[in-house]
Amino acid sequence: FQDEWRVRSNLTLSLGLRYELPGNTLSSLFDLNDNIVEANGDSRYALTPVPKRDTNNFQPRLGFNWSPRTRADGPLGWVTGGDKFGVRGGYARANHYAFLNLALNVASSFPFVAAINNSNFANAFTRLPNLGFTVGQDPSQLTRTVVSEDFAAPSADQYSLELQRELTGNMVFRIGYVGTQGRGLYQTVDGNPRQPFCGNPCTTGPRVDPSRGVIRL
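Participant: Explain the side chain of E162 here, please?
Facilitator: Take E162: it is sitting in strand β6 (residues 155-168). Using a relative accessible area of 16% as the deciding quantity, one classes E162 as buried.

What follows is the structure, given as C-alpha cells:
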C-alpha cells in the first residue's frame, strides 16, 4: 500500500510498504534429488544444503516535499525567496529475486550431472555413451554448485535529496543527489578452497575438506 499525507499546507509525506513472497526457484529439484538418493542408496548424492524460501522481502517507501515559509528579506530570505524554495527527498527498498540461471547452475552439476574431465579423448563418440565412474571413484569429489541454506534475495536501497529555488517566473535552480546501495548481492565463492601455502599455482594441495571436491557456493 502507499498513500500521501498532507501534514501542512507546505509539507506532504508519501508513505508506503510493499511485501512480496517469491517462490523457491530450486524447489523443483528437491523431489528429483530424493529420487536420485533413493536410486543410489547413498547419502553422498544428496543436495546439501537445501535452501529455504525467502520470506523477508519488506520494501518500505518514504518521500517528502517541504516548502519552508520565511521572510523575504535578510540572508535566509535571500536563500528561500520567502516561499520560492523547496526540499524534497525519498527512500525506497527493492529486491532482486533469484533468477532461473541459479537453478540451472545447480541442476547442471553433481548430484544431477556428473562432469568428468578427460581431454584428448580418442574415439569419443563411440566411447562416451559407455563412460561412467571409475571403479572406486568417490562421488563426493565431483564438482557441485550449491546455494546457502539461508539464501535470500539481494536488496537495493535507493535514496534521493533535492533542493529547488525559483529564480524568475520561468527559471528554476535545482541541485540534488541520487544514490543506490546494494546489499547481499550475488557472488560465487569457492566453498571448499585449497589450503594456504599449497604451492604456486595452488592446484594440487589439500582442500579444507579433503573428502569433498570443488563446491561452487
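After presenting the structure, the write-up continues.
Participant: Can you help me understand the sheet that holds strand β3 (residues 57-66) in this one?
Facilitator: Working definition: the strands of a sheet are paired by backbone hydrogen bonds and lie parallel or antiparallel to each other. Ordered in space as β1-β2-β3-β4-β6-β7, the six strands form an open sheet in which the pairing is antiparallel. At either end of the open sheet lies a strand with only one pairing partner, and these are β1 (2-8) and β7 (171-183). The sheet shows a mean angle of 10° between the axes of neighbouring strands, direction not considered.

Participant: Would you explain helix α3 (residues 100-107) in this entry?
Facilitator: An α-helix turns once per 3.6 residues; consequently, residues spaced three or four apart project the same way. Of all the residues in α3, the buried ones are L102, A103 and V106. Considered in projection along α3, the buried side chains sweep an arc of 95° and stay on one side of the axis. The elements touched by buried residues of α3 are α1 (27-40) and β5 (144-145).

Participant: In this structure, what is going on with unusual backbone geometry? I would like to understand it.
Facilitator: Peptide bonds are mostly trans, and most non-glycine residues show a negative phi. Here T48 and P49 are connected by a cis peptide whose omega angle stands at -10°. Note on placement: P49 falls in the loop between α1 and β3. The step from F110 to P111 runs through a cis peptide bond, and the omega angle for that step is 10°. Structurally, P111 can be placed in the loop between α3 and α4 (124-127).

About the cut-offs
- Residues numbered from 1 in each chain as written.
- Predicted model: local features only at pLDDT ≥ 70, side-chain atom pairs only at ≥ 80, totals over all residues.
- Heavy atoms only, no water.
- Helix = DSSP H or I, 4+ residues; strand = E, 2+ residues; numbered from the N terminus.
- Buried < 20%, exposed > 50% of the residue type's maximum accessible area, 1.4 Å probe, protein only.
- Pairing = 2+ DSSP bridges.
- Axes fitted to C-alpha atoms, helices over the stretch in contact; angles between N-to-C directions.
- Arc of directions from axis to C-beta.
- Contact = heavy atoms within 4.5 Å.

No statement about biological role is implied by the geometric values presented.
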